[in-house]
Structure formats: C-alpha cells, structure tokens
Amino acid sequence: MPRHSLARDGLRHVSKAPLAATLAICCLFLANALSDAHADSSTPRLATVDWTIAETLMSLGVEPVAVGQVAEYQAWVEQPALPESVVDIGLRAQPNRELVASLDLDRFLLSPLFAALEPTLSRILPVTTLSIYEPEGDLWQNLVTATREIADIAGVQARADRVVEAHRERIAQVRKRLPDAVPELLVVQFIDDRHVRVYGKGSLYDMVLERLELDNAWQGGTNLWGYATAGLEELTTTGYLVVVAPMPMGVGDHLASNRLWQSLPSVKADQVLHLPAVWSFGGLPSAARFAEELGESLATSRSEAADS
C-alpha cells in the first residue's frame, strides 16, 4: 500500500452510503451485540495505524481504542465510520508513542506496510502483524482469513463467520440486481488533473468486479497493490469510466475545460460514474460497499439513459 500524499484540501468529500448498506451494518451490529453480550466485557483494548484493520474491527462490532490519522480515515474509508471516542494517535507512519503508552492498550495491530514500527512499539506493548494483501493467493480468501484472525485477537471469534457471510451476501445481492449487458468498466482515482491510479489485477476493486461477473477494462500491468499510474490519454475504454472519490481539490473544475478529458470515449458517451470514497486497499467492508455503490450507480445511469 502506498503512503498517500493525502492532499488535505482533497479530503472534504462527504457522501452517504446506500440505505441498504447502512441497514445491513446496523442489523449486523445489533445481532453481534445481542448474541455476544458477554464478550464485550473481556474485549481487549486494541489500536492500529492500518485502516483496513480498523474497518474490520468495526465490522466485527469492536471499537478500536485508537487509530492513526482518523480524519483521513473518515475521508478515504468513510464507512464504517469511526466513533468520536476513537483516539487519533497521529500519522500512520509515525504514531505518537507517548500517547500510545498512555492509553492502557492490550495490543497494537500492524500490517506489513508498517512493520518498521514494530521494534519501537513492542517496547511499549505487545504487537501483532497481520498480512492482508499478499502478492500470491486469492484476495477474497485473504480478506476472509484476516477477518477471522482479527476476530480471534479481539476475542469475538463467534462473530467472524457471520460477518464474512454478511459481506458475501451483500455482494451477491448486488450481482442479482445488476442491469443486463453491462459494458466493461475502468476504475480510477485521480492523482492530479492529468494522472490517475487505474485498478486492475490484485486490487480490491478488480476482485469485486470479478465477484459481480463484470469485465475490467484495464488489462495492463499493476503493482503489488493492484494499480498502475496512467495518463488521461490511456483511458480509452468505450465502456464505463468509474471515478472513485476523494478527488484532489480543483481537479473536477479543471476537467470541465480539459479537452483531453472531454475527448475520452466514456466522457463523450456520458458513461462516467462518480462513486463516493471506498478504501481501495480495504477489507470485506470496503469490498461490499464498493459493490453496492457501483451497483446503485449503474442502475441510476441506466434509468437516466432510459428517461432521456
């Protein structure tokens, strides 16, 4: 996972998750609370700088005590949102060690991206590193395994299978409701007004497209995280161009007068879908949200095209 520059003026995007997703999350949390009431009293106090681990804890009904860069999490991950009680321990790559030490934590959870933090954090408290994104293996299964491992650490093992099945079913329901004959899709996030990250093999977005039985237009090479950097001139798909927020400040306004952007086949055909922020390096919650946001956007686009 890259260290995002996270331009602060590009972090103001706020959107609402689909109603179905919100209801599903609420029902899941209620079921967890009712069936595992006794687990809460023994749940360990956990912290992390990895947003995928944080969102997975939230999906399991476990509120992390502390997370790195909470405001940026809310902008890039968005859902499940972190409660106001979660402590911001600073930069993900450089958390405030003194603050961490003061929080009476039981364990700190890391991913390999932040492995350099382990030597110093382990002097303060026990540290566990969880591998989630691997160059080999099936990404969905990796996320399932990570969810179960995190549930085990949090002492809520009984919730893991229910959470996995809930996210699997959310994606399956989207697949059932998709319009017929959806053309290929190209999923991107803007870096600046001329460059994007385009997502292919190995990415969360591509994994979801496969589970939805949709075609990814990007067949070029990708890095460890499943994306490549591309210029606007490379976005030549004749299908849908899917733009995932947040977008750097000013880029949207600039595109309105950008001749290169306006000449792209998807733009000329009015086949550009704008989705709210969904963490591109996320876990099962992000996978299910991306499926739902994409499905809703496709349905809306088809409906508008039919009415025009």
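Remember, it's a predicted structure, so these values are computed and weren't measured experimentally.

K.L.:
Would you mind showing me how to read the overall build of the protein chain here?
P.N.:
For the protein chain, the helix and strand inventory stands at twelve helices and ten strands. Taken over 308 residues, the protein chain has a buried fraction of 52%. Restricting the contact set of the protein chain to residue pairs at least 6 apart, pairs at least 24 apart contribute 67%. Accessible surface, the protein chain as shown: approximately 13,900 Å² in total, 51% of it carbon and sulfur.

K.L.:
Mind showing me how you'd approach unusual backbone geometry here?
P.N.:
With an omega of 0 degrees, the peptide bond running from Gln79 to Pro80 counts as cis. Position of Pro80 relative to the elements: it lies in the loop between helix H3 (70-76) and strand S3 (87-88). The step from Ala245 to Pro246 runs through a cis peptide bond, and the omega angle for that step is 0 degrees. Within the secondary structure layout, Pro246 lies in the loop between strand S9 (240-244) and helix H9 (251-255). The phi dihedral of Glu78 falls on the positive side, at around 70 degrees, and the residue is not glycine. Of note, Glu78 is situated in the loop between H3 and S3. Since its relative accessible area comes to 5%, Glu78 is described here as buried.

K.L.:
Looking at this structure, I do not really get the sheet that holds strand S7 (residues 195-199). What am I missing?
P.N.:
By definition, the strands of a sheet pair up through backbone hydrogen bonds, in either a parallel or an antiparallel sense. An order of S8-S7-S6-S9-S10 is seen for the five strands of this open sheet, with the pairing classed as mixed. Sheet topology places strand S8 (227-231) and strand S10 (272-275) at the edges, where each strand pairs with a single neighbour. Averaged over neighbouring strand pairs, the angle between their axes works out to 35 degrees when direction is ignored. Taken together, the four bridges between strand S6 (residues 185-190) and S9 define a ladder with parallel strand orientation. The residue of S9 that forms the bridge with Leu186 is Leu241.

Reading the values: the criteria
Residues numbered from 1 in each chain as written. Predicted model: local features only at pLDDT ≥ 70, side-chain atom pairs only at ≥ 80, totals over all residues. Heavy atoms only, no water. Helix = DSSP H or I, 4+ residues; strand = E, 2+ residues; numbered from the N terminus. Buried < 20%, exposed > 50% of the residue type's maximum accessible area, 1.4 Å probe, protein only. Contact = heavy atoms within 4.5 Å. Areas by Shrake-Rupley, 256 points an atom, 1.4 Å probe, with all protein chains shown as cover. Pairing = 2+ DSSP bridges. Axes fitted to C-alpha atoms, helices over the stretch in contact; angles between N-to-C directions.

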